[in-house]
Every structure is written in C-alpha cells, then in structure tokens.
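Residue-level structure breakdown
What follows is the residue order along each chain.
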Amino acid sequence: MQLDLHAFARLRPHLYHVRALENLPSVRHTGRLEPAAALMRRAGRGDLVRWRRPFPVTLQCDGETIVLRDQALLIEEQLSLYREWAFADFIEFMNDHVYFWPGTDRGPVKSGVELPYRDASTTALTLRIPFEDLLAANPAAEPLFSSVNSGAMREPGSRRASRGPHLFRNALHFSRRPSEVVEVAFRSAIALPVSASFLHEGKWVRL
C-alpha cells in the first residue's frame, strides 16, 4: 500500500507553514523556504544545528535577518529515540526539514490549528500553499509524510514519543490513508509557487 498523492491533494488541497513574522521580507525576496540547518550554516552558525533552541534565535543570512522559532516543546525525557540516536541527533534531524500542516481552505488539520499562537514572544507568519502547485514548483523535491505531530513529545496514552528516521515516509512507503497524514515535510529548500499566500489581518494575501 502507498499514499495516493492525487487522493491526498483532493482531501488536503493546501499546505500551511508557520515561521516568525520577521522572516516575511526574506521569504518574499528569495521566494523559498529553507530548513533551519541550512540557514544556520549559511549564517556561519553550524554550532546551532544540534542544539535545542529554548528560545527564538536570530541569524544574519546574506544581509537578511532570519528568526528561528524556539524548540521549547522538544523535551528529551519525553522521547523514546531510535537505537543509537542521541537527543542531538534528533534535533539535527528536525532542523534538516521544512514542515507543513496539511489542510483545506478552512485551515490546517487539528494539530496545526493552535501552534502559531503558542509563543507570544514571536508573532507568527502563516503561509498557505496549494499542495499540487508546490509539487509542480519543486519537481526534484520529494514530499515526506507523517501520521504524527513531529514536535509532540507524547503519544496517545501518555507514552513517550517514538522518534527516529522512520518519522517521515515518502508516498511509496507511507502505508496509511490520506486522512491520516498529520505533517508533510521536505528535506531540502522549497521554492514557493506564485499561488502561495500569507495571512494578513484575517485575509489571505499573495506573497
């Protein structure tokens, strides 16, 4: 069994991405989203790649200010990590991806509804991108799918969250229904299609 991308696109036609509002000028200028690890290395801060961010971090990349949101909810004691993985390996894995919440015109799936408003210290920039347009703009980038919230540290029943390289699967190896996709990720920089928009004063505005 594999994930039917056309069925997924019909059910969840949009992807939502959240980052700090301070990044809007950079997103507009570059027209793309990059994994946190790539931004850190371009800013000469490779030392941050394996460090859990307890607070937002500001970087200077090619003359532009980039703010990375905190990772305060990633708590080592609440994880069951893959084999020899250390907590720093998990942090690097998280920093190597760009994340999206799947959804419809009305908004993202339940796991993504409240997260943009959790941290009052960093105003959120929420992007909405048609899923199929994003794939068309990035033919070499492979979408990866997860049936859990990668940043949630507890599974149903208060068990420790199991985290490892199995967290995301490509469509060929994702053996669940389209309705069970909770997150979509890419392990590369992602070009934004012209149909991408951001939420401004309650309305969706083209970038």
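Everything discussed here concerns the structure shown above.
Okay, so let's go over this structure.

Topic: the environment of M1
- Along the chain, M1 falls in the segment before α1 (5-11).
- The exposed category is assigned to M1, whose relative accessible area is 70%.

Structural notes on the nonpolar core
- By size, the foremost hydrophobic cluster in this structure holds 25 residues, and its most contacted members are F100, L127, F145 and V184.
- The set of elements that each furnish at least two residues to this core consists of α1, α2 (24-30), β6 (98-104), β8 (124-130), α6 (131-137) and β13 (183-186).
- When residues in this core are grouped by element, the largest group, 3 residues, is from β8.
- Counting 13 residues, the second largest nonpolar core, distinct from the first, contains F90, I91, M94 and L167.

Focus: the pattern of salt bridges
- Following the criterion strictly, the structure yields 10 salt bridges and no others.
- As a salt-bridge pair, E180 and R177 come within 4.0 Å of each other at their nearest N and O atoms.
- Note on E180: relative accessible area 22%, which makes it partly exposed.
- If you follow the salt bridges from partner to partner, you end up with R32, E34, R42 and D62 in one network.

Procedures and definitions
- Residues numbered from 1 in each chain as written.
- Predicted model: local features only at pLDDT ≥ 70, side-chain atom pairs only at ≥ 80, totals over all residues.
- Heavy atoms only, no water.
- Helix = DSSP H or I, 4+ residues; strand = E, 2+ residues; numbered from the N terminus.
- Buried < 20%, exposed > 50% of the residue type's maximum accessible area, 1.4 Å probe, protein only.
- Core = buried A, V, L, I, M, F, W, Y, C linked by side-chain atoms within 4.5 Å.
- Salt bridge = Lys/Arg side-chain N within 4 Å of Asp/Glu carboxyl O.

Remember, this is a structural readout, not a statement about activity or role.
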